[in-house]
Structures are given as structure tokens and as C-alpha cells.
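# Fold and geometry: a report
Single-letter residue listing:
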Amino acid sequence: MDLLEYQGKLLFKKHDVPVPDGRHASSVQEAVEAAEELGFPVVIKAQVQIGGRGKAGGIKLAKDRREAEAHAEAILGMDVRGLTVRELYVEQASDIAEEYYAAIVFDRGAKMPMAMLSRMGGMDVEEIAETDPNAMAKLHVDPLVGFQDFHGRRLAFEAGIAEDVIRPVGSMLSRLYHVFVEEDAMLVEVNPLLVTGSRDVVALDAKVTVDGNALYRHEDTAAFRNPSAEDPQEQMAKERGLTYVKLDGNVGILGNGAGLVMSTLDVVAQAGGRPANFLDAGGGSKADAIVSAVEVILSDPKVTAVLFNIFGGITRCDEVARGLVTAFEQIEVKVPFVVRLDGTNDEEGRRILADANLPNVTVEKTMLAAAAKVVELAE
Amino acid sequence: MSILVTESTRLVISGLTGREGSFHGLNNKRYGTQVVAGVTPGKAGQDVDGIPVFNTVHAAVEVTGANPSMIFVPPRFAADAIMEAADAGVELVVCITEGIPAQDMLRVYTHLKRTDRTRLIGPNCPGVLSPGKANVGIIPAHFFSEGNVGLVSRSGTLTYQIGNELAQRGFGNSTIVGIGGDPVVGSSFIDIIGLFEQDEQTELVVMCGEIGGDEEERTADYIAANVSKPVVGYIAGFTAPPGKTMGHAGAIVSGSSGTAAAKAEALEAKGVRVGRNPTEVAEVAVEVLGAKV
């Protein structure tokens, strides 16, 4: 789960990572009140989880009440690379002497956390690597030992940052590592990491991704919402406990098991179709889950045909067939369905579908034939 | 032979008294796996259909000599259960549990690697099946028969799909290993393919990958340098958009890394033939090994 800047900064404050003072606002009035409370000048920042906010005009300096009001009005509702801004963060303006880059990332290949530091802040990691591959200092941290002072010193010297801030930057990295572990993060990125005119080191931005599997032990992060990012269909699926990802095609897809669903999307694309979604009804899919899944898929108005691809292992094909029959009783279905049932109790499942004689449902035996059929029907 | 689990497997199941644990544990037993013990703290002295339950893995191992262990406890207790099994001296731990926090797995992975005594399969995996010998996990065994194809996969149902395509063409399996779909899993493609290379029964290896990480790429290099047996690959997720997790916690394309196209290219560059869909994987297997039916 990707957090918004202000949410990341709430976690930073909790773990004593220095950040400029700021307030969250979801209306122009709240933004103006926050600005007056903080004292001018302030920076009004769009809260969307995407890079390039600044370039899109989503970050503005306000010297007085009138400017704060004008900027808040302009930014709220603005489109930043496809996302609508619904929330703001109002922050005390900082005086900038140096901009660095700092991050703790989850290195999947090495299966270790990696700490990174560069003196070239303000640009993204790819840009830094392109400009000067040696400008990014990187170190793995042993997860059983944790971040040591020497890690901070080595990174600071290797990154070539200003000598007078080597200690505070090292301490900043140590605190960010603490956030990474204590908050079950997969990524903690600060860009830019700021050195102010009075040589204080503060986190000017916060990009934090937390592990969805660990939310049970973090009530505060579990309650965070990101109203600009959540697609209505994805939200509906989440509420029903289904794994759903919206895509931009017109072939609705349901399968059981993440790998099989991914494979189904590929096979539909190979047959010339465009998948409308990824939906994993899960292992052991029961009838009510199938009804929910059909509702979620059909709530996307672009869907013109639906493919059910089930390979029964623990999931029983007769259960899936019963679920589909129930779904057709409860929901008005206007688009054609192609159903492929194979594996555990597949014959019984196909018999249930044949007996129910559902309108507009074609049953296919193989995955490839089913994909070809649904693509033909979707046109 | 097969790899990892055989007729001599003596299985202990952490979480045997739970709903899922008893359902699948008893399924494994019916298949012929020797299930010698269960572990649930506070339930020592009970039994599940004749399988004795112990309070600790240590007690279960001491009394029954169990090895391997299978973990079927909820995600918040699973990392601890893996550590307990390893501490009790179990050499192979198969963890089925889905949803274990990645930070917990980082610590478990590093500890197991450092002590170098226990091999972990999973978590978030369907387990290990050696057809005709033993089933440890949730793989529906009735689709599979004994044979010469070793199958290793990050995904469950996709494994059944590909296994079934192979079965329809007359191929059986030496062992089927689900390594799991999480960002941190105990065993990699490289670990398992290394075991298949040493296994006399295995004549062909099918590896079934998916988007996310760079393990398939590293496996391609390993195969080129160390594997003499033919390997056929499959990668799921060509149509996955960047930045979206496709069901498995580890299945995500971040930036330009982890794409299915890059993985398939890396494998093909090292001489591994990659099927574009499950049916084509089976067709390539027929070409390599010769038709059976």
C-alpha cells in the first residue's frame, strides 16, 4: 500500500525523523486556516501518489493569505497525470541549502534491506543513475543486526555529502531504517532530503510503501485512505474480499489463483482481445464469492463479454457452476459469458450449467478455445 | 527417486488441529504420506484421526523422529512456527501459509541461511508432491502420476493447469514443487532446479515463473552454467501493467524491472525454450522428450 506524503510524514514524526511542520487539508478553507496557524510563507502541496507533482503545478509557495487561498483553489481538483487531487498538505516553507536523496528499499534479489544516499537530490533514482552512476551510494543492511552508525558514515563519505552534515545525515538514515522496520515498510524514500541554511537536516518529502500483509499490527496505517487513487470497482472488490485489478480493455476475466488469472489475461491478449480486469476468486471459491465477483466485473461499463477460467484443485467446479447459476438469478446479465471448467468435479459443473440452460453462456473445454471464443463475442 | 519428499518422509504438521490443517493433513495421509505428528500448543495428548498432537515441534521430533515439517498456522504466527521447526532440527520446512509480513520473512530467511541446516519451501505456496510417493501440501494429487518431468512453479493453480496439459500428453512427474508467490521465499528456482539436475528420475524440468523480481533472469544464467537436462519455461503476466500487484504479493512490475517479456527473453537467450501459453509448454515438452501417447 502506497502512502500519501502527509501519511508518510505522520509515521516519520512518530519515529523522530525531522520534518517541517505541516497540516493536512481537504478544503480551501482548511488550507487557509492551516497556513495562518503555521505562519507564512507556506508551501501548498497536492497529495497524490505519483511523481511529477511539482512540474504539473501541484506544489506552490504562498507568501500570504490571499496566495494560500488562490493556490489551494487551483490545486484542489487539479489533474496530476490522471489522478484528481482531493487533499492538500500545507507546510512551513523551508530554506534550502542542499538537496540530497535518501532511501531504504527492500532488495528482493539479495533478500536484504538496502540503504541508499546521494548528494544529487530532487531528481529521481533513474535520473541520478543516468547523470552519474557513482553518485548513488548503496549498502545492504543485515536484517538480524540492523542499521549501525558505520553504515551511516560509509554512505555519507561515499556519497560525498558536505562534511559538516555527515553526522546528522547518518542519524537521519538510521531513523529512516527504524521507520522501515517498525512500520513494516517495503520502501521509505526521502527526496529531497534537505539541508537548511542553518544546517539542519530535514525530510522535505516522504514516499512510503507499507506491506499490506502487516497491516494487522498497524492500526494507524491500516486506517489511511487515498481517495484520489481508489478506483470504484477496485474499492468494491476490496470490500468483498476479492483480489481485483482494473485494466482498460473490454473482456471481463475471472479465474482461481493469481498465476492462472495472469496466464488467462495473456492468453486473451494473444487471441487478440483486451482484458478489462484481473480477478482472482481465490482457492476454494465458494458460490457467494462467485456472485460477488460477477457483480464487480459487470460494474465496469466497458465489459462486453466475460471469461470464467477455472482449474479446479481445492476449488470445486460444481461449486463455481452453482455460484454462476445463482449470480444469473440475482443479477441481470446482458453480456455473453464463456465458461471453461476443468479439474475437480468438472463434469458435474458442466452438467449443472447445461441443466440450468443459462442464456448467453458458452461452455468450452480448453483455455485456448475459451479465450478465442470470448474475444470473438466481445467484438 | 524424487526430490524433497518420498516414501520415507515422516511429516509433522504445525496447525494440524485447525480447519485447513486437518483437512489437508488428512488428505496428505490418505494419499499415503506418513503423517506422524501434529503440533498445537496446549493440545498435547489429543489426536487427529489417530495422528498424535504435541505441544512443541521439539517434543514431536523427539518422540516421532519427524522430518519434514509443514506449516499450516495463520500468518501472524507462521514465521515463529518456521523458526520453531528449524530450531527443533527439522531439515525441510514447507510453509503453505499466505500473508506473512515480508519483514518477518526477511529475518527468517537470513537466520535459516546463516544456520545452513534447514531448507524452507514457501511461504504462500501449494507445497511439494512426489506422485506415487508423498504429498506435502495442498496440490490436488489425483491429476498427477509418476514420471520423468520435474515441475517447479511460483503459482498453484497454474501448476495444475500445466501439469494437466503434460498429463494429457502422457507425461508424469518426478516431483512438483511450488516455491511460492511472495517477495521472500525460502527456496528459489535455482535451488530446486539444482536438485532436479541431481535427480535420476527427472529427465526434463519445467519452470513456471511470473512477473516481479529478477529470479527468472538469474535462473537463466544458472541453467546455462550448471544444468545439463533440458529446461522448458513459462512466464505469466505479459499483460500486467506496471505498479499493480497481480494477486501474489511478489507479482509486480516496478518501473522497467520484473516484466514477463524481459524474463522470457533472458531464458531464451540462454537456450531455455519458453512456451507462450500452458498448452505450448506441453507441446515443447513433447518435442524435447518425444511423444508418449
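Throughout, residues of each chain are indexed from 1 in the direction in which the sequence is written. Written order decides the labels, with chains lettered from A and ligands numbered from 1. Local features are withheld for residues below a pLDDT of 70 in this predicted model, meaning they are given only at 70 or higher, and side-chain atom pairs are given and counted only at 80 or more; totals for whole chains, interfaces and linings count all residues.

When you go through chain A residue by residue, the secondary structure sums to 13 helices and 18 strands. Taking the principal axes of the C-alpha coordinates as reference, chain A spans close to 80 × 50 × 40 Å. Buried means a residue has 20 or more other C-beta atoms within 10 Å of its own C-beta, exposed means 12 or fewer, and partly exposed covers the counts in between; C-beta atoms are placed from the backbone. Counting over 379 residues, chain A shows a buried share of 47%. Residues are scored as being in contact if the C-beta atoms we place from backbone atoms lie within 7 Å. Of the contacts formed within chain A by residues at least 6 apart in sequence, a portion of 69% connects residues at least 24 apart. Note on conventions: DSSP H or I runs of at least 4 residues are helices, E runs of at least 2 residues are strands, and numbering of each starts at the N terminus.

When you go through chain B residue by residue, the secondary structure sums to nine helices and 14 strands. With 293 residues in all, chain B has 59% of them scored as buried.

Residue and element names in this part refer to chain B. Note that the domain bounds reflect an automated or database-derived domain assignment. Per the domain assignment, the segments making up chain B are domain 1 (10-121) and domain 2 (144-289). Computed from C-alpha atoms alone, the centre-to-centre distance between domain 1 and domain 2 is 27 Å. Top contributing element to the side of domain 1 that touches domain 2 by residue count: helix α4 (residues 102-115), with five residues. Each residue gets one of three labels, nonpolar for Ala, Val, Leu, Ile, Met, Phe, Trp, Tyr, Cys and Pro, charged for Asp, Glu, Lys and Arg, and polar for the others, Gly among them. Per-class residue counts for the side of domain 1 that touches domain 2 are seven nonpolar, no polar and one charged.

Here chain A is described as being made up of domain 1 (21-92), domain 2 (96-222) and domain 3 (232-378). Averaged C-alpha coordinates put domain 1 of chain A and domain 2 of chain A at centres separated by 25 Å.

The interface is formed by 42 residues belonging to chain A together with 44 residues belonging to chain B. Within the residue set of the side of chain A that touches chain B, elements represented by two or more residues are β13 (243-246), α9 (258-270), β15 (277-280), β17 (337-343) and α13 (367-378) of chain A. Ranked by residue count, the leading element in the side of chain A that touches chain B is α9 of chain A, at eleven residues. Considering only residue class, the side of chain A that touches chain B consists of 22 nonpolar, twelve polar and eight charged.

Residue and element names in this part refer to chain B. Its location among the elements puts L4 in the segment before β1 (10-14). Linking L4 and G122, residues 118 residues apart in sequence, is a C-alpha distance of 13 Å. Those residues in contact with L4 that sit more than four places away from it in its chain are L92, V128, T175 and V177.

Our focus in this paragraph is the sheet that holds strand β1 (residues 22-25) of chain A. Residues and elements named next belong to chain A. Any two strands are treated as partners once DSSP identifies two or more bridges connecting them. The strand order across the open sheet built from four strands is β1-β6-β2-β3, with neighbouring strands paired in antiparallel fashion. With one partner strand each, in any of the chains shown, β1 and β3 (59-62) form the two edges of the open sheet. Strand-to-strand twist of the sheet, defined as the mean angle between neighbouring strand axes without regard to direction, takes the value 20°. Relative to strand β6 (residues 88-92), β1 is paired through four bridges, and the arrangement is antiparallel. Residue pairing in the sheet places A25 in a bridge with L88 of β6. Along the sheet, helix α1 (residues 5-14) makes contact with β1, β2 (42-46) and β6, crossing β1 at roughly 140°. Lines fitted to C-alpha atoms define the axes here, with helix axes fitted over just the stretch in contact, and angles between the N-to-C directions of these axes take values from 0 to 180 degrees.

Residues and elements named next belong to chain A. Residue placement: L324 occurs in helix α11 (residues 317-330). Taking the C-beta count within 10 Å as the criterion, L324 has 28 such neighbours and is therefore assigned buried. Linking L324 and A72, residues 252 residues apart in sequence, is a C-alpha distance of 49 Å. Setting aside chain neighbours within four positions, we find L324 in contact with I290, F308, V339 and L353.

Residues and elements named next belong to chain B. For helix α9 (residues 278-289), spanning twelve residues, the distance from its first C-alpha to its last is 17 Å, which sits close to the expected 16 Å at 1.5 Å a residue. Buried residues of α9: P278, V281, A282, V284 and A285, and no others. For α9, the arc enclosing every buried residue in end-on projection is 160°, short of the 170-degree limit, so these residues lie on one face. Looking one or two places after α9, you find G290, whose phi comes out positive at around 90°. One less than the number of residues in a helix, times 1.5 Å, gives the span that helix is expected to have. This arc corresponds to the set of directions leading from the helix axis out to the C-beta atoms.

To continue, consider the packing of α11 of chain A against helix α12 (residues 346-356) of chain A. Angle between the axes and distance between the axes are the two parameters that describe a pair of packed helices. Residues and elements named next belong to chain A. It is at 7 Å that the axes of α11 and α12 come closest, and there the two elements cross at 20°. Between α11 and α12, the crossing angle belongs to the class labelled roughly parallel. For α11 against α12, the interelement crossing comes out right-handed. Residues C317, D318, V320, A321, R322, L324 and V325 of α11 pack against D346, E348, G349, I352, L353 and A356 of α12. Here the residues of the contact of α11 with α12 are counted per class, giving eight nonpolar, one polar and four charged. Throughout this description, any angle smaller than 35 degrees is read as roughly parallel, any larger than 145 degrees as roughly antiparallel, any in the 65 to 115 degree range as roughly perpendicular, and the remainder as oblique. The handedness criterion is simple: a crossing whose near helix is rotated anticlockwise from the far helix by less than a right angle is left-handed, and one whose near helix is rotated clockwise is right-handed.

Secondary-structure assignment places K55 of chain A in the loop between β2 and β3. Taking C-alpha positions, K55 of chain A is 9.4 Å from V80 of chain A, a pair spaced 25 residues apart along the chain.

Here the focus is unusual backbone geometry. Backbone torsion omega between F40 of chain A and P41 of chain A reads 0°, so that peptide bond is classified as cis. Along the polypeptide, P41 of chain A turns up in the loop between α2 (28-38) and β2. Between N67 of chain B and P68 of chain B the backbone carries a cis peptide bond, its omega angle lying at 5°. Assignment of secondary structure puts P68 of chain B in the loop between α2 (57-64) and β5 (69-71). The phi dihedral of N357 of chain A is positive, around 50°, even though this residue is not glycine. Residue N357 of chain A is classed as exposed on the basis of its 8 C-beta neighbours within 10 Å.

Pairing of strand β8 (residues 127-130) of chain B with strand β9 (residues 134-137) of chain B involves four bridges; the strand directions are antiparallel. In the sheet register, V128 of chain B faces β9 of chain B, and the bridge partner there is V136 of chain B.

Here we come to the nonpolar core. Core analysis: the largest hydrophobic core is formed by 214 residues, its most contacted members being A102, L176 and L279 of chain A together with I82 and V206 of chain B. Apart from residues no more than four positions distant in its own chain, L279 of chain A is found in contact with L242, Y244, I253, L254, V261, A293, V296 and I297 of chain A. For this analysis, nonpolar core means a set of buried Ala, Val, Leu, Ile, Met, Phe, Trp, Tyr and Cys residues linked through C-beta atoms within 7 Å.

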